[in-house]
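Examination of the molecular architecture
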Amino acid sequence: MERAEKKELVASFNTVAKTTGVLVVAHNKGLTANQVLDLRNKMAKAGATVKVVKNRLAVRALEGTDAAGIAKLFTGPTMVAYGADPVSAPKVAADFAKAHEKFVVLGGALGKTTLDANGVKALAELPSLDQLRGKIIGLIQAPATKIAGVLQAPAGQLARVFNAYATKS
């Protein structure tokens, strides 16, 4: 890799570290090409990205960012997963680690907070942003539907009484 390519890679990973919601670092020693492709596809479906980054360049790129605390995790064969949603990348990484013992989650960063492997797993158990939005909308809509049901009940009862009188004769 030439010096210009290295500078470009450091600059792009520095931008990623500054702009994404979460970074997850994992060891990937022993994964087959198909397993890595499967992981990339799962991450893409979740709106996250996974990349293999040279450790020395990753550490250099993390300098001056909020995620600088995870630089010590970059030893051995590592992969970095990241996404704008703070739950998507950890969720996919944790699920993939359960299914593949050779994929080991080391830790990560959520803004300025440095996470260990258990922190990443705890983050993975949280509901996604879309699920939280759905719950909030459901809570907002629930009272309106209950009010509409209460208001319609007397009219429905009156209609049934009138129908009973009309069909009685």
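Bear in mind the structure is a predicted one, so any value in this text is a computation, not a measurement.

**Side note on the overall build of the chain**
- Looking only at helices and strands, the chain has 6 helices and 5 strands in total.
- Its helices and strands in sequence order give the chain the pattern α-β-α-β-α-β-α-β-β-α-α, from N to C terminus.
- Computed over its C-alpha atoms, the radius of gyration of the chain comes to 25 Å, more than 25% above the 15 Å expected for a compact globule of 169 residues.
- Taking all 169 residues of the chain together, the buried fraction comes to 33%.
- For the chain, contacts bridging at least 24 residues in sequence account for 79% of all contacts bridging at least 6.
- Charge separation in the chain, taken as the distance between the mean sites of 23 positive and 12 negative side-chain charges, equals 5 Å.

**Considering the nonpolar core**
- Counting residues in each nonpolar core, the largest one holds 20 residues, and the members touching the most others are Val24, Leu39, Met43, Ala89 and Phe103.
- Among the elements of the structure, strand E1 (22–27), helix H2 (33–45), strand E2 (48–52), strand E3 (78–83), helix H4 (88–99) and helix H5 (117–124) are those that each provide at least two residues to this core.
- No other element matches the 4 residues that H4 contributes to this core.
- Once residues within four sequence positions are removed from consideration, Leu39 is found in contact with Val50, Met79, Val92, Phe96 and Phe103.

**Re a positive patch on the surface**
- On the surface, Arg3, Lys7, Lys54, Arg56 and Arg60 cluster together into a positively charged patch.
- Breaking the positive patch down by element, the ones donating at least two residues are helix H1 (3–19) and helix H3 (55–62).
- With respect to the element layout, Arg60 can be found in helix H3.

**Points about H5**
- All of the buried residues in H5 are Ala117, Gly119, Val120, Leu123 and Ala124. Viewed along the axis of H5, the buried residues span an arc of 160 degrees, placing them on a single side of the element.
- Of the surrounding elements, those touching the buried residues of H5 are E1, H4, strand E4 (104–110) and strand E5 (113–116).

Basis of the calculations
- Residues numbered from 1 in each chain as written.
- Predicted model: local features only at pLDDT ≥ 70, side-chain atom pairs only at ≥ 80, totals over all residues.
- Heavy atoms only, no water.
- Helix = DSSP H or I, 4+ residues; strand = E, 2+ residues; numbered from the N terminus.
- Rg over C-alpha atoms; globule rule 2.2 N^0.38 Å.
- Buried < 20%, exposed > 50% of the residue type's maximum accessible area, 1.4 Å probe, protein only.
- Contact = heavy atoms within 4.5 Å.
- Lys, Arg positive; Asp, Glu negative; His and termini not counted.
- Charge placed at Lys NZ, Arg CZ, Asp CG, Glu CD.
- Core = buried A, V, L, I, M, F, W, Y, C linked by side-chain atoms within 4.5 Å.
- Patch = residues over 30% accessible without salt bridge, like charges linked within 9 Å, V, L, I, M, F, W, Y side chains within 5 Å.
- Areas by Shrake-Rupley, 256 points an atom, 1.4 Å probe, with all protein chains shown as cover.
- Salt bridge = Lys/Arg side-chain N within 4 Å of Asp/Glu carboxyl O.
- Arc of directions from axis to C-beta.

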